[in-house]
Amino acid sequence: MKAVDSPFTKIINGTTQFVIPVFQRDYTWDADTQCAQLWNDVLRAARTTGDRGHFLGSIVYIATGDSLAGFTRWMLIDGQQRLTTVTLLLAALRDRIHESKWVGGGENDPTPNRIEAYFLKNVQEEGDREQKLVLRRQDQSTLRAIIDRKEHPKDASDHIRDNYNYFRQRLLTVDPAEVYRGIGRLVIVDVALDRQTDDPQLIFESLNSTGVDLSQADLIRNFILMRLPEKEQTELYETYWAKIEALFRGSEWTFDAFARDYVALKTQASKQEKASEIYYAFREFFPSLREDRGSLRQALEDILRHGRHYASFSIGREVEGERALVMGEIRRHVDAPAILVMQLLELRDHRSALSEEELLEALWLIESYTVRRAICGYQTRGYWQIFANLAYGLGQKHPLEDLKVALARQHENYRFPSDEEFERQLQEGDLYGLRVCRHLLEGLENYDSKEPTDTSSYSIEHIMPQNERLRKGWREMLGPDWKAFQKTWLHRLGNLTLTGYNSKYSDREFDDKKTIEGGFSDSSVRLNKYVREQPVWTPKEMNRRTNDLAKRSLKAWPALLVDQSLVAAADHLEKQKLAAKHDISRLEMSADAKALFEVLRKRIMSLDGNILELVEPNSISYHGPAFFLEVLPRAHRLTLLLALDFSEADDPSDIVMDASKKKFFMHAKHDGGVAMNVRTSEEIEKAVPIIKQAFAVSNE
């Protein structure tokens, strides 16, 4: 790498061309800030006495690999904004001199031909080699029109056009010679890279280490494509990366989430990466993706395919039919399942491991899981990791079955709410304050309807008003306990509905709410059918409507149905894996306890060849496949905790204790109804029949 201070005019003068890589972002400087600052810097440099110049920044470039004798092409890695802006200033200066017919008095003063030949065009070249600076997309077509003095294209780049016009306007009141002199005093750090020895991506990262100027998408794109020759860059960008950018255009933050979830899915990450560190996680992961896929092209195909899956869920791109419906329902109230949906779509659309019916069932299952938990008020903190783990666990043979089993095996804090829990909360909970309340009402409005209602303009309406000072008619209808009734029923499901006339309803009397224009009697909202049929609105009507809507909710967001034998098999498999990982020799025991345990262990394992032995932090538990025994080592004895009701224990030796009478057993990881202490081999022999009984009960 060679880095030297050079006049800006030197780097662009000569038969040379700077090309902006096709994957680079567009020109973004605006007139009121960066262009205004450059203009002031140019005038300040022009008016400075002596040879002192003005430092403009760095220009970093590397040979494209297709230069010819007498003509050199450079790929610009850093400095696009500066180089483009000065080019626009020079074009504006050329055109100002030409149109005003200004003629300077010195031999070094600028002329239109001189500016064009030195800084804008390679006058001896033609076609693609004529311009000294080649941008991308609309930027290029607009700059080319300016350089060639032609009409701007219809889809002109706003920044290119506006900044050129800004300089045209500023040049009306200054001496062109002064501006030309100022441009000549601009100084840059000229950094020319050697393709054989320098890594342009590492240098690019060091120049943009703060991450302020470039998005995560910019950094990832540059990382993938920058090291490639220009021709290959362009081909791969247009074939793959441009399509990825199009998927997330207008929602760039979603690309960051996609990159995070894509890397997590591929690496089975155990934590969610921070937004500011997505690029670095991708950079570490990508070499393994290329190695796994066999080529850069195949890796990009994989990213594009997963990007389509992700965008279809997160922003509704390229999706229709019932898929679009259910994914829209999920997305409206929770976005954490995106990583799981992405994997489900991959299994359906690419690997054909799911039928379309199974995919839709899986998606509706996610909707039901998240709505039920939201209504029940269960925690959502940690949702991303829950859905990520669910995605990691989907196999290619029976992915829907895998999903159901995994949901059934969730920890208590993330369980799938039962019908009883869900219905109780719908009947007794204050739902109005929940974020999911509107989603619930919209779902109930359109459940099982072939002609869904467009509820986008509707708002939630309290049938019995929220105003603590209810009108006389309401007080008389509710009776002397109206305050208590209002407090109890106000935010419950039976008193909530949807309407497009919320402001008209206000806190009117019930009859008014029914009969005014747009009132309940005229309402086309299905949720209001029961309301308009009632002569009064009291706790009796609210309770009946609550119960009816709760029953409908159980159908709209059904419970998890899964074969319990599959759940038990999954539990057993997990225990087998845990058993294989743990070394029983690492568990600390006294000499007396260890001697007793060796005798007891032989007797336990001889009961059945499929018994699993799990080493807990301070104990050993036994499963066959259900838990039936935990051994707790003590100083000179072993305490045995068995999954057996005390009343059922067959104990002729009278050695068992009622474990339910003790608040806790030190170091115990499991619950049991029977406990025993053994201190000798003889006591172990007396304990074995009761252990057999616990084992038999656990298998019933």
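Read on for an overview of the structure. All of these numbers come straight from a predicted model, not from anything done at the bench.

Section: helix α14 (residues 321-333)
Alright, step 1. Residues Arg323, Val326, Met327, Gly328, Glu329, Ile330 and His333 constitute the buried set of α14.
Alright, step 2. Against α13 (296-314), α15 (338-349), α16 (356-376) and α20 (437-446) lie the buried residues of α14.

Looking at empty space enclosed by the protein
Alright, step 1. Within the structure shown, the criterion is met by one cavity of 30 Å³ or more.
Alright, step 2. Volume-wise, the largest cavity comes out at about 30 Å³.
Alright, step 3. What lines the largest cavity is simply Ile220, Trp241, Phe255, Phe258, Ala259, Tyr262, Phe282 and Ile303.
Alright, step 4. The dominant element in the lining of the largest cavity, judged by the number of residues it contributes, is helix α11 (residues 252-267), at four residues.

Considering the packing of helix α9 (residues 216-225) against helix α10 (residues 230-248)
Alright, step 1. Axis separation between α9 and α10 bottoms out at 11 Å; the angle between their running directions is 155°. Here α9 lies roughly antiparallel to α10, going by the angle between them. Between α9 and α10 lies a crossing of right-handed hand. Two secondary-structure elements touch here, α9 through Ala217, Ile220, Arg221, Ile224 and Leu225 and α10 through Gln233, Leu236, Tyr237, Trp241 and Glu245.

Description of the nonpolar core
Alright, step 1. Counting 78 residues, the largest nonpolar core has Ile224, Ile303 and Ile339 as the members making the most contacts within it.
Alright, step 2. Those residues in contact with Ile303 that lie beyond four places of it in its chain are Ile224, Ile244, Phe258, Tyr262, Phe282, Phe286 and Leu289.
Alright, step 3. Counting 46 residues, the second-largest nonpolar core is a separate cluster that includes Trp29, Tyr61, Ile147 and Ile188.

Observations regarding the pattern of salt bridges
Alright, step 1. Under the criterion given, the structure shown has 44 salt bridges.
Alright, step 2. With a closest N to O distance of 2.8 Å, Glu423 and Lys551 form a salt bridge. Of this pair, Glu423 sits in helix α19 (residues 419-428) while Lys551 sits in helix α26 (residues 539-556), and the two are 128 residues apart along the sequence.
Alright, step 3. When its relative accessible area of 14% is taken as the criterion, Glu423 is described as buried.
Alright, step 4. It is possible to trace a salt-bridge network through shared partners that takes in Lys266, Asp302, Arg305, Glu346 and Arg351.

Some points on the pairing of strand β9 (residues 612-615)
Alright, step 1. Here β9 shows no split at all, with Leu612 and Leu614 on one side and Glu613 and Val615 on the other all buried.
Alright, step 2. As judged from the four bridges shared by β9 and strand β10 (residues 620-623), these two strands associate in the antiparallel manner. For Val615, the partnering residue across the bridge sits in β10 and is Ile620.
Alright, step 3. As consecutive antiparallel partners, β9 and β10 are separated by four residues.

Comments concerning the pairing of strand β12 (residues 638-642)
Alright, step 1. Summarising burial for β12: five of the five residues are buried, a large majority.
Alright, step 2. The alternating pattern of β12 places Leu638, Leu640 and Leu642 and Thr639 and Leu641 on opposite faces, both of which are buried.
Alright, step 3. Note that strand β11 (residues 627-633) and β12 share five bridges and pair antiparallel. Each residue of the ladder has a partner; that of Leu632, found in β12, is Thr639.
Alright, step 4. Counting the residues that bridge the hairpin from β11 to β12 gives four residues.
Alright, step 5. Strand direction decides the pairing type here: β12 and strand β14 (residues 674-678), joined by five bridges, are antiparallel. Across the sheet, residue Leu642 finds its bridge partner in β14, namely Val674.

What counts as what
- Residues numbered from 1 in each chain as written.
- Predicted model: local features only at pLDDT ≥ 70, side-chain atom pairs only at ≥ 80, totals over all residues.
- Heavy atoms only, no water.
- Buried < 20%, exposed > 50% of the residue type's maximum accessible area, 1.4 Å probe, protein only.
- Helix = DSSP H or I, 4+ residues; strand = E, 2+ residues; numbered from the N terminus.
- Contact = heavy atoms within 4.5 Å.
- 1 Å grid on protein atoms, 1.4 Å probe; cavity = no way out; pocket = protein on both sides within 12 Å on 5 of 7 lines; lining within 4 Å.
- Points joined across faces, edges and corners; volume = space filled by probe spheres on them.
- Axes fitted to C-alpha atoms, helices over the stretch in contact; angles between N-to-C directions.
- Parallel < 35°, antiparallel > 145°, perpendicular 65-115°, else oblique.
- Left-handed = near helix turned anticlockwise from the far one by under 90°.
- Core = buried A, V, L, I, M, F, W, Y, C linked by side-chain atoms within 4.5 Å.
- Salt bridge = Lys/Arg side-chain N within 4 Å of Asp/Glu carboxyl O.
- Pairing = 2+ DSSP bridges.

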